[in-house]
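For reference, the chains in residue letters:
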Amino acid sequence: MTKKKQILQSSRYLAVEVLEKIEQEDAYSNLLLREVINNHELSKEEANLLTELVYGVLQRRMLLDYQLEPFLKKQKKISHWVRQLLRVSLYQMEFLDRIPDHAILNEAANIARVRGHRGIVGFVNGVLRNIQRKGVRQPTQLQPINKRLSIQYSLPQWLIDEFINLHGKKEAEEFAESFSQRPKLSLRVNLNRISREAAINELREEGFEGSKSTVSPYGIIIEKGVPVNSRLFKEGYLAVQDESSMLVAPALKVKPSHYVLDACAAPGGKTMHIATNFLEQEKGGKVVALDVHDHKVHLIKENAKRLGVEEVVEAKRLDARQVLDQFEPETFDRVLVDAPCSGLGLMRRRPEIRYNKTKKDILSLQKLQLEILNEASKTLKSGGELIYSTCTITEEENQEVVRQFLEQNKQFFRKKVELAENELQVSEDGSLTIYPHQFDTDGFFICRLKKQ
């Protein structure tokens, strides 16, 4: 392999390309990383380094830019890829102790040489050597506190402001800091087929380490390995799902014979939880899972087949706002509206979300969420129950949507979200909000409503 080809296949070069696409093309970090790793012959170590660089830079982009800024003042315009290269290099210098500076500078110069020209090589080398000599500034003394938290933890200032207003400065810092942590891998166990203890023991025999979730009685946390090739996963005993997301299906209080609507289902994690643990085909139980995209409907069907519940899952391509075009009013015993949202509770898994959501986006999503909730609720039988949930943490998408819905639909009233024995606490109105810093899970909101 030539030296140029080696550089083009290196983790650092690929990290620059991936970060460029995420920023310029709004690509999803998790999907793009998976595609790049699959398309290049990367060793396990190289794939791990690529993942570390991409997620690390995304989680700290505002901080890295703050630290780079004094060294770039004389440069009028910097190409996008050059800025990404500087971010990747600075991230390694500041956060990856195992990589010596001389190796980082040498690799940065090689990438600049392959992608650019001699002037860019000199510029990149000069900036990094200057940083090595002088060190970078830290935002710890910045005032006011909302500005410091925003830069230190690379979060939009409007989100910091909102959290400070609701919970105070001390908890706002814990909240902000939590998004710099790596997400846990959690799996949902089909308890109808195997206990958590038995699943953990069998995974250990295959070389994976796991422990019971303290948030969900269905969950196990994987501490070593990625067991998607384990027997239990292949045969449908396990499914990947975050712990907070596992709370939704039990909150819906589904009976084995119920007819259930999952109005915004893809990729189908909650659909599968309903189907595998709560419905029985022999008693007529079924869940209808809707999504607006064909490929996502196909994904739901694939998941149902892998988990052996295709007989009780009906996946359909349909906009939830048009649900009455295909279903009569008062058709379903239970309705789940896991609404499209800003996804701000997922910022550990998809750190780029923090840079492309604005307050205006939140208000636009609120309108969509309310439309879906209003239409889907009409298909619920009298006496039936509905869960409204999101994977976000903004009041506007959560409590405010529910408040407006209840004002417009007097036949609905709140019921307390019931939980298994754990440390979670519902709010005074009976809803549940989980923030990422509380249990190291995704941020989540669940509200239980009943129709008279």
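For clarity, every value in this text was computed on a predicted model and none was experimentally measured. (Residues numbered from 1 in each chain as written. Predicted model: local features only at pLDDT ≥ 70, side-chain atom pairs only at ≥ 80, totals over all residues. Heavy atoms only, no water.)

A. View of the sheet that holds strand 3 (residues 219–224). As summarised here, the arrangement of the four strands in space is 2-3-1-4, forming an open sheet in which the pairing is antiparallel. Two strands bound the open sheet, and with one partner strand each, they are strand 2 (209–212) and strand 4 (238–240). With direction set aside, neighbouring strand axes in the sheet form an average angle of 35°. Strand direction decides the pairing type here: strand 2 and strand 3, joined by four bridges, are antiparallel. Along strand 3, the bridge assignment pairs glycine 210 with isoleucine 222. Of the strands in this sheet, strand 1 (185–189), strand 2, strand 3 and strand 4 are in contact with helix 12 (residues 196–205), which crosses strand 2 at around 170°. (Pairing = 2+ DSSP bridges. Helix = DSSP H or I, 4+ residues; strand = E, 2+ residues; numbered from the N terminus. Axes fitted to C-alpha atoms, helices over the stretch in contact; angles between N-to-C directions. Contact = heavy atoms within 4.5 Å.)

B. Structural view of the pattern of salt bridges. Tallied over the full model, the rule gives 37 salt bridges. One salt bridge in this structure joins glutamate 23 and arginine 61, with 3.7 Å as the shortest N-O distance. Of this pair, glutamate 23 sits in helix 2 (residues 11–25) while arginine 61 sits in helix 5 (residues 61–68), and the two are 38 residues apart along the sequence. Owing to a relative accessible area of 16%, arginine 61 belongs among the buried residues under this scheme. Residue arginine 349 pairs with aspartate 442 through a salt bridge whose shortest N-O separation is 3.0 Å. Residue arginine 349 is located in the loop between strand 8 (332–338) and helix 17 (359–377), and its partner aspartate 442 is located in the loop between helix 19 (436–439) and strand 12 (444–451); the two are separated by 93 residues in the primary sequence. When its relative accessible area of 8% is taken as the criterion, aspartate 442 is described as buried. Sharing partners across several salt bridges, the network here consists of Lys253, Glu385, Lys415, Glu418 and Arg448. (Salt bridge = Lys/Arg side-chain N within 4 Å of Asp/Glu carboxyl O. Buried < 20%, exposed > 50% of the residue type's maximum accessible area, 1.4 Å probe, protein only.)

C. Spatial organisation of the UniProt feature "active site" (unreviewed entry) in the protein. Taking the numbering used here, the UniProt-annotated feature "active site" (unreviewed entry) corresponds to Cys391. Among the structural elements, cysteine 391 can be located in the loop between strand 9 (380–390) and helix 18 (399–408). A relative accessible area of 18% means that cysteine 391 is categorised as buried. Apart from the residues lying within four places of it in its own chain, the contact partners of cysteine 391 are Cys341, Gly343, Leu344, Gly345, Leu346, Gly443 and Phe444. (UniProt positions renumbered as here; feature names shortened; annotations may be inferred.)

D. Structural context of the side chain of asparagine 190. Along the chain, asparagine 190 falls in the loop between strand 1 and helix 12. For asparagine 190, a relative accessible area of 7% gives the class buried. For asparagine 190, the residues in contact, after removing those within four places along its chain, are Gly236, Tyr237, Thr276 and Asn277.

E. Layout of the packing of helix 2 against helix 3 (residues 29–39). In contact at an axis separation of 10 Å, helix 2 and helix 3 are set at 145° when each is read in the N-to-C sense. The handedness of the crossing between helix 2 and helix 3 comes out as right-handed. Contacts between helix 2 and helix 3 involve Leu14, Val18, Lys21 and Ile22 from the former and Ser29, Leu32 and Val36 from the latter. (Left-handed = near helix turned anticlockwise from the far one by under 90°.)

F. Spotlight on a nonpolar patch on the surface. Together, Val226, Val228 and Val240 line one region of the surface with nonpolar side chains, adding up to about 240 Å² of accessible area. With respect to the helices and strands, the residue valine 240 is situated in strand 4. (Patch = residues over 30% accessible without salt bridge, like charges linked within 9 Å, V, L, I, M, F, W, Y side chains within 5 Å. Areas by Shrake-Rupley, 256 points an atom, 1.4 Å probe, with all protein chains shown as cover.)

G. Spotlight on the UniProt feature "domain: SAM-dependent MTase RsmB/NOP-type" (unreviewed entry) in the protein. Per the UniProt record, the feature "domain: SAM-dependent MTase RsmB/NOP-type" (unreviewed entry) sits at residues 175–452. For residues 175–452, helix accounts for 28% and strand for 24%, while the C-alpha atoms at its two ends are 38 Å apart.

H. Geometry of the packing of aromatic side chains. All chains considered together, the criterion is met by 10 aromatic pairs. With centroids separated by 6.3 Å and ring planes inclined at 65°, the aromatic side chains of tyrosine 388 and phenylalanine 445 adopt a geometry described as edge-to-face. With a gap of 57 residues between them, tyrosine 388 in strand 9 and phenylalanine 445 in strand 12 connect regions that are remote in the sequence. For the pair phenylalanine 405 and phenylalanine 412, a centre-to-centre distance of 5.1 Å together with 65° between the ring planes defines the contact as edge-to-face. Chaining the aromatic ring pairs together yields one cluster made of Phe163, Phe175, Phe179 and Tyr435. Directly above the aromatic system of tyrosine 237 lies the positively charged group of arginine 231, at a separation of 5.3 Å from the ring centroid. Here the basic side chain of arginine 306 rests over the ring of phenylalanine 233, its NZ or CZ set 4.1 Å away from the ring centre. (Phe/Tyr/Trp six-rings, centres within 6.5 Å; stacked < 30°, edge-to-face > 60°. Lys NZ or Arg CZ within 6 Å of the ring centre and 35° of its normal.)

I. Looking closely at the nonpolar core. With 55 residues, the main nonpolar core has Ile274, Val309, Val313, Leu344 and Ile446 as its most contacted residues. The element best represented in this core is helix 10 (residues 157–167), accounting for five residues. Discounting residues that sit within four places of it in the chain, isoleucine 274 has contacts with Ala249, Leu252, Val254, Val260, Leu279, Val287 and Leu336. Within the second largest apolar cluster, 50 residues are counted, among which are Val36, Ile78, Leu105 and Phe123. (Core = buried A, V, L, I, M, F, W, Y, C linked by side-chain atoms within 4.5 Å.)

J. Spatial organisation of the state of the cysteines. What the rule picks out here adds up to zero disulfides. Between cysteine 391, a free cysteine, and cysteine 341, which holds the nearest cysteine sulfur, the sulfur-to-sulfur gap is 3.5 Å. (Disulfide = S-S within 2.5 Å.)

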